[in-house]
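Fold and geometry: a report
This is what each chain is made of:
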Amino acid sequence: MFFVTLPMMRNIISITVLFSLIVTFADFDIVRILTAGGPQDMTHIFATYAFAVGLQSGDIPLGASVSLFMLPILAVCAYFVLRGVTRRSKEIAA
Amino acid sequence: MSGATATSSTGALAGRRRGFSLAAQRRWALWGSYAALAVFVVMFLAPPFFMVMTSLKTSAEISAQQGNPWLAHQPTLRNFSELIADSNFQHFFLNSAVVTICVVVISMVIAVFAAFSLARIGFWGSQLLATGVFLTYLIPGSLLFIPLFQIVGALGLINNVWCLVLVYPTLAVPFCTWIMIGYFSSIPKELDEAALIDGATYMQILFRIFIPVAMPGIIAAMIFVFTVSWGQFLYPMAYLYTSNQMVLTVGIITDLIRGDVFQWGKIMAGCVIAAAPPVIVYAFLMDYYIAGLTAGATKA
């Protein structure tokens, strides 16, 4: 398992990790239903804060910039994961 | 199964060194996986079980302090019957169903055509475009909803259930196209070469060969679109605000929670009704789903 199966699955595993990372990072539903930003904005994450600022307070530009803060973080993660994936698939092909 | 054979082949050496027999090691691995899976099953089934149980209780029983909260002592269907008779709830369900069906049809048509052209008609830049389609899927919906809010507003579709039909494909199409590209490129090239020699056009190749052969993949993608558009929460939350336009997910939240008053019995009954269609669809099409996902995912 540790020497054969897992190394062969590395590409799939890393793509799955990337997806769940993004979905968790940008999650909205659970935070919104459980606490909705919670006592005095203590439990906001980017998505819910963008919703609260942008649509509920009506300040659309500020809300958009809040949610845009997610982009660089996710883009860096995606860049490294995808670079690893393409490099490994080239190794397999070669 | 491949996991088991891999452990036994590499475990043979280690097992002899430490004095374990291969059979004993295999037995331990089996017990370990059963234990781990049992933990996961209990963990994932506990919330739905609690949901069903709570939906069967009266509100007096829900707020009661004594008694086991995991069991309904006097099960009643009153929550369900009240909810079904509620005209708001009927609106929610109907809206959800209409939106989901429209979205499934629209995004499957787009995704199948897009995937066919990207996987088979090798035009200039098709590789780049396929990568681009994959990259769009990496952008989460919570990043897009404010720009989309302005677009939807400019189209005059705010608080109109049809804006969801317009918006959901942006979530569903990239992933479906990606899965379908993988599935289509796993179909041997000899098939469409043979069809071309017989004088078929690209359209005929798509409809006569690719769609029938790739049916498991198409069904898997369809289930994905169904789940996404049935369970989507952020977009309807942002774009809809009167209860005759809402869909189920948001409707349950806004209609059954008034300030600090939670009608738990009805909320849970609504959740059970809302969770039923995906469960039914999955139960019937599970085999297709797994086959389609694995075949598509490896060809990224």
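Residues numbered from 1 in each chain as written. Chains lettered and ligands numbered in written order. Predicted model: local features only at pLDDT ≥ 70, side-chain atom pairs only at ≥ 80, totals over all residues. Heavy atoms only, no water.

**Comments concerning the overall build of chain B**
Secondary structure summary: chain B contains 15 helices and 2 strands in total. Out of the 300 residues belonging to chain B, those deemed buried represent 41%. Of the contacts formed within chain B by residues at least 6 apart in sequence, a portion of 74% connects residues at least 24 apart. Accessible surface computed for chain B: about 16,400 Å², of which carbon and sulfur atoms make up 71%. (Helix = DSSP H or I, 4+ residues; strand = E, 2+ residues; numbered from the N terminus. Buried < 20%, exposed > 50% of the residue type's maximum accessible area, 1.4 Å probe, protein only. Contact = heavy atoms within 4.5 Å. Areas by Shrake-Rupley, 256 points an atom, 1.4 Å probe, with all protein chains shown as cover.)

**Re the packing of aromatic side chains**
Residue and element names in this part refer to chain B. Under the counting rule described, the total for this entry stands at 23 aromatic pairs over all chains. Aromatic side chains F226 and W230 sit 5.8 Å apart centroid to centroid with 15 degrees between the ring planes, which places their arrangement in the stacked category. With F226 and W230 both in helix 12 (residues 215-231) and 4 residues apart, this pair spans about one turn of that helix. Exposure class is identical for F226 and W230. Each is buried. (Phe/Tyr/Trp six-rings, centres within 6.5 Å; stacked < 30°, edge-to-face > 60°.)

**What to know about the interface of chain A and chain B**
Contact residues are listed per partner, giving 29 residues for chain A and 25 residues for chain B. Of the roughly 2,200 Å² buried between chain A and chain B, counting both surfaces, carbon and sulfur atoms make up 85%. Linking chain A to chain B there are 0 salt bridges. The interface formed by chain A and chain B holds 1 residue pair in polar contact (both at pLDDT 80 or more) in total. When residues of the side of chain A that touches chain B are traced back to their parent elements, those giving at least two are helix 2 (10-25), helix 3 (29-34), helix 4 (46-56), helix 5 (60-68) and helix 6 (70-93) of chain A. Tallied by class, the residues present in the side of chain A that touches chain B amount to 23 nonpolar, 4 polar and 2 charged. (Buried area = accessible area lost by both parts, 1.4 Å probe. Salt bridge = Lys/Arg side-chain N within 4 Å of Asp/Glu carboxyl O. Polar contact = N/O pair within 3.5 Å; in protein donor to acceptor, adjacent residues only side chain to side chain. Nonpolar A, V, L, I, M, F, W, Y, C, P; charged D, E, K, R; others polar.)

**Remarks on the side chain of N159 of chain B**
Residues and elements named next belong to chain B. Within the secondary structure layout, N159 lies in the loop between helix 7 (141-154) and helix 8 (162-167). What makes N159 buried here is its relative accessible area of 15%. At 3.1 Å, the side chain of N159 forms a polar contact with the backbone nitrogen of Y241. Those residues in contact with N159, other than ones at most four positions away along the chain, are Y239, L240, Y241, T242 and Q245.

**Brief notes about the packing of helix 5 (residues 87-119) of chain B against helix 14 (residues 248-256) of chain B**
Residues and elements named next belong to chain B. Contact geometry for helix 5 and helix 14: axes closest at 8 Å, N-to-C directions at 160 degrees. Looking at the two axes, helix 5 sits roughly antiparallel to helix 14. For the pair formed by helix 5 and helix 14, the contact residues are N88, F89, F92, F93 and S96 on the first element and L248, G251, I252 and D255 on the second. Broken down by class, the residue content of the contact of helix 5 with helix 14 amounts to 5 nonpolar, 3 polar and 1 charged. (Axes fitted to C-alpha atoms, helices over the stretch in contact; angles between N-to-C directions. Parallel < 35°, antiparallel > 145°, perpendicular 65-115°, else oblique.)

**As for the nonpolar core**
All names here are of chain B. Core analysis: the biggest nonpolar cluster contains 92 residues, and F145, L164, F184, Y235 and Y239 have the highest contact counts within it. Looking at this core, the element that brings in the most residues is helix 5, giving 12 residues. Leave out the neighbours within four places in its chain, and Y235 touches G141, L144, F145, L148, L164, V167, Y168 and L171. (Core = buried A, V, L, I, M, F, W, Y, C linked by side-chain atoms within 4.5 Å.)

**Digging into the pattern of salt bridges**
All names here are of chain B. Inspection of the entire model under this criterion finds 2 salt bridges over all chains. Among the salt bridges present, the one from R78 reaches E82, with a minimum N-O distance of 3.0 Å. Remark: E82 and R78 occur in helix 4 (residues 78-85); sequence separation between them is 4 residues, near one turn of the helix. Looking at E82, the relative accessible area reads 35%, which means it is partly exposed.

**As for the packing of helix 11 (residues 202-213) of chain B against helix 12 of chain B**
Residue and element names in this part refer to chain B. Two elements in contact, helix 11 and helix 12, have axes whose closest approach is 4 Å; the angle formed by their N-to-C orientations is 65 degrees. Relative to helix 12, helix 11 is oriented roughly perpendicular. Where helix 11 approaches helix 12, its residues I211, P212 and V213 are matched on the opposing element by M215, P216 and I218. Residue composition of the contact of helix 11 with helix 12, by class: 6 nonpolar, no polar and no charged.

**Details of helix 7 of chain B**
All names here are of chain B. In a regular helix each residue adds 1.5 Å, so 14 residues correspond to 20 Å; helix 7 covers 19 Å between its end C-alpha atoms and thus fits that length. Residue P147 marks the point of greatest curvature in helix 7, where the axis turns by about 35 degrees. Considered for burial, the residues of helix 7 that qualify are G141, S142, L143, F145, I146, L148, F149 and V152. (Expected span 1.5 Å × (residues − 1). Bend = angle between axes of the 7 residues up to and from the residue.)

**Structural notes on the state of the cysteines**
Where two cysteines share a covalent bond between their sulfur atoms, that bond is called a disulfide. Inspection of the entire model under this criterion finds 0 disulfides over all chains. Here C102 of chain B stays free of any disulfide, with the sulfur of C163 of chain B as its closest cysteine sulfur at 13 Å. (Disulfide = S-S within 2.5 Å.)

**Side note on a nonpolar patch on the surface**
Residues and elements named next belong to chain B. A contiguous nonpolar patch, built from I101, V105, V109, F113, M203 and F207 and spanning about 580 Å² of accessible area, is present on the exposed surface. Elements supplying a minimum of two residues to the nonpolar patch: helix 5 and helix 11. Mapping V109 onto the fold places it in helix 5. (Patch = residues over 30% accessible without salt bridge, like charges linked within 9 Å, V, L, I, M, F, W, Y side chains within 5 Å.)

**So, the environment of T48 of chain A**
Residues and elements named next belong to chain A. The topology assignment puts T48 in helix 4. When the C-alpha atoms of T48 and C77 are compared, they prove to be 21 Å apart, with 29 residues separating the residues in sequence. With residues near it in sequence (within four places) discarded, T48 still touches F28, V31 and R32.

**Quick notes on the environment of S33 of chain B**
Residue and element names in this part refer to chain B. The topology assignment puts S33 in helix 2 (residues 22-55). For S33, a relative accessible area of 34% corresponds to the partly exposed category. Expressed as a C-alpha distance, the spacing of S33 and A85, which sit 52 residues apart in the sequence, is 46 Å. A polar contact is formed between the side chain of S33 and the backbone oxygen of A29, at a distance of 2.6 Å.

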